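Architecture at a glance
Listed below are the residues making up each chain.
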Amino acid sequence: MKEKRMLVQAYMVCLMCDKCDGGEMKPTGICLTSLPPQYPHRCDQCGHEETVRGKTYPHHEYVKCSPEVPQDPSASDSHE
Ligand SMILES: [Zn+2]
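Before going into details, it helps to say that this report is about the structure given with it. (Residues numbered from 1 in each chain as written. Predicted model: local features only at pLDDT ≥ 70, side-chain atom pairs only at ≥ 80, totals over all residues.)

A count of helices and strands for the protein chain gives zero helices and six strands. Of the regular secondary structure in the protein chain, the N- to C-terminal order runs β-β-β-β-β-β. The buried share among the 80 residues of the protein chain stands at 6%. Taking the intrachain contacts of the protein chain between residues at least 6 apart in sequence as the baseline, contacts between residues at least 24 apart amount to 48%. (Helix = DSSP H or I, 4+ residues; strand = E, 2+ residues; numbered from the N terminus. Buried ≥ 20, exposed ≤ 12 C-beta atoms within 10 Å, placed from the backbone. Contact = placed C-beta atoms within 7 Å.)

Cis peptide bonds are those with omega within 30 degrees of zero, and the linkage from Leu35 to Pro36 qualifies with 0°. As for its position among the elements, Pro36 is in the loop between strand S3 (24–27) and strand S4 (38–43). Here the amide bond leading from Tyr57 into Pro58 is cis, since omega sits at -10°, within 30 degrees of zero. Looking at the secondary structure, you find Pro58 in the loop between strand S5 (49–53) and strand S6 (59–64).

Within the open sheet, the four strands sit side by side as S2-S3-S4-S5. Their pairing is antiparallel. The open sheet has two edge strands with one neighbour each: strand S2 (15–16) and S5. Alignment of S2 against S3, held across two bridges, turns out to be antiparallel. Across the sheet, the residue bridging to Met16 is Glu24, located in S3. (Pairing = 2+ DSSP bridges.)

With that settled, consider the pairing of S6. Of all six residues in S6, zero are buried, a share of ten percent or less. Across six bridges, the pairing between strand S1 (residues 8–13) and S6 is antiparallel. Bridge assignment links Met12 to a residue of S6, and that residue is His60.

Before going further, it helps to spend a moment on the environment of Cys43. Note that Cys43 resides in strand S4. A tally of 20 C-beta atoms within 10 Å means that Cys43 is categorised as buried. It is 8.0 Å that separates the C-alpha atoms of Cys43 and Met16, two residues lying 27 residues apart in sequence. Beyond its immediate chain neighbours, meaning those up to four positions away, Cys43 contacts Cys17, Lys19, Cys20, Gly23, Met25 and His48.

In C-alpha cells form, the structure reads like this:
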C-alpha cells in the first residue's frame, strides 16, 4: 500500500429546516439501526424533527481540485 495526496476543497454541508426560516437541523444523538441507519435531526430554532437516512448533518464533503500532488510534500525540495 502507498499513500496518495490530493489537493481538495472542503465543504461543510448543513441541513436547513423546512418549517422555519434559518433554523438548522442537528442530530438528536439517536441512531435508529435500520439499513441504512436513520438519524433523527431536530431544528435548533423551532424544534421540528426530521429523520435522515444514512448520514448526519452537518458533515464535510471534499472535492478534488487538482489531479495529483508530488508524492510527499516534505520531499519536494529535490536532491538534484
Ligand atoms: Zn425550524
